[in-house]
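# Observations on the model geometry
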Amino acid sequence: MKKLFSFLAIIAIISFSNCSRIAENNDQVIGIWSNIAEISTGKTQNQTFREEWIFNDAYLGRYHGIENGKITIKTDFKWSQDDGVYTISYPGLDRGDDLVILKESQDGSMLEDMNGNPFAIRE
């Protein structure tokens, strides 16, 4: 009887483990995107602010805000795509959602905001 229960337990484990596969996501936005801005402080030196988004295939990602080479903001984000418009939301940050569109050209890939302004470029 123990052999029968052991055999059934092994079959149950094998069948449940085969059912839990995550669907493959090959979206074109997956990868590292960045935006660099120079901010004039009124002094002789300008400050550099870099934003970086790392999109992964589980509709999540990591956002970094880097000021003068030092990470000042580091958080996770969620993303989704609906009809070519990507929504990036930052739970836990006091920041609204970003709506962007992926544009492809001979020069490379770019994310643009809904007004057509550059948002980030692919690295």
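Since we're looking at a predicted model, the values are computed, not measured.

### Quick look at the overall build of the protein
- A tally of helices and strands in the protein yields one helix and eight strands.
- Counting from the amino terminus, helix and strand elements in the protein follow one another as α-β-β-β-β-β-β-β-β.
- Considering only contacts within the protein whose residues lie at least 6 apart along the sequence, 27% involve residues at least 24 apart.
- Accessible surface, the protein as shown: approximately 9000 Å² in total, 54% of it carbon and sulfur.

### Observations concerning the side chain of Asp98
- Residue position: Asp98 is located in strand β6 (residues 98–105).
- Here Asp98 is in contact with Tyr86, Thr87, Ile88, Tyr90 and Phe119, once residues within four sequence places are set aside.

### A few points about the pairing of strand β2 (residues 46–55)
- For β2 and strand β3 (residues 60–67), the ladder comprises seven bridges, and the chain directions are antiparallel. What sits directly across from Arg50, in β3, is Ile66.
- Following β2, the chain reverses through four residues before pairing antiparallel with β3; Tyr59 in that reversal takes a positive phi of roughly 60°.

### Considering the nonpolar core
- With 16 residues, the main nonpolar core has Trp33, Trp53, Phe55, Phe77, Ile88, Leu111 and Phe119 as its most contacted residues.
- Among the secondary structure elements, those contributing two or more residues to this core are β2, β4 (70–82), β5 (85–89), β6 and β8 (118–122).
- Examining the composition of this core, we find that three residues originate from one element, β2, more than from any other.
- For Phe119, the residues in contact, after removing those within four places along its chain, are Asn35, Trp53, Ile88, Tyr90, Arg95, Asp98, Val100, Leu111, Glu112 and Asp113.

### Things to note about the confidence of the model for the protein
- Of the residues in the protein, 89% reach a pLDDT of 70 or more, and the chain-wide mean stands at 87.
- Mean pLDDT across the elements of the protein ranges from a minimum in helix α1 (residues 2–19), with 71, to a maximum in β5, with 97.

### Details of the pairing of β8
- Examined bridge by bridge, strand β7 (residues 108–113) and β8 share three bridges and lie antiparallel to one another. Its bridge partner lying in β8, Met110 is registered against Ile121.
- Where β7 folds back onto β8 in an antiparallel hairpin, the turn is made up of four residues, including Gly116, whose phi is positive at roughly 85°.

### Focus on the side chain of Arg50
- Here Arg50 shows up in strand β2.
- For Arg50, a relative accessible area of 19% corresponds to the buried category.
- In this structure the side chain of Arg50 is engaged in a polar contact, spanning 2.3 Å, whose partner is the side chain of Glu123.
- Residue contacts for Arg50: discarding those within four places in its chain leaves Ser34, Asn35, Ile36, His64, Gly65, Ile66 and Glu123.

### What about the packing of aromatic side chains?
- For the structure on display, the rule yields eight aromatic pairs.
- Aromatic pair Phe55 and Trp79: ring centres 5.7 Å apart, planes at 75°, arrangement edge-to-face. Residue Phe55 is found in strand β2, and its partner Trp79 is found in strand β4; the two are separated by 24 residues along the sequence. Of the two residues, Phe55 and Trp79, neither departs from the other in class, the shared state being buried.
- Ring plane angle 55° and centroid distance 6.2 Å describe the contact between Phe77 and Tyr90, whose orientation is recorded as tilted. Taken as a pair, Phe77 in strand β4 and Tyr90 in the loop between β5 and β6 lie far apart in primary sequence, 13 residues in all.

Rules used in this analysis
Residues numbered from 1 in each chain as written. Predicted model: local features only at pLDDT ≥ 70, side-chain atom pairs only at ≥ 80, totals over all residues. Heavy atoms only, no water. Helix = DSSP H or I, 4+ residues; strand = E, 2+ residues; numbered from the N terminus. Contact = heavy atoms within 4.5 Å. Areas by Shrake-Rupley, 256 points an atom, 1.4 Å probe, with all protein chains shown as cover. Pairing = 2+ DSSP bridges. Core = buried A, V, L, I, M, F, W, Y, C linked by side-chain atoms within 4.5 Å. Buried < 20%, exposed > 50% of the residue type's maximum accessible area, 1.4 Å probe, protein only. pLDDT = per-residue confidence, 0-100. Polar contact = N/O pair within 3.5 Å; in protein donor to acceptor, adjacent residues only side chain to side chain. Phe/Tyr/Trp six-rings, centres within 6.5 Å; stacked < 30°, edge-to-face > 60°.

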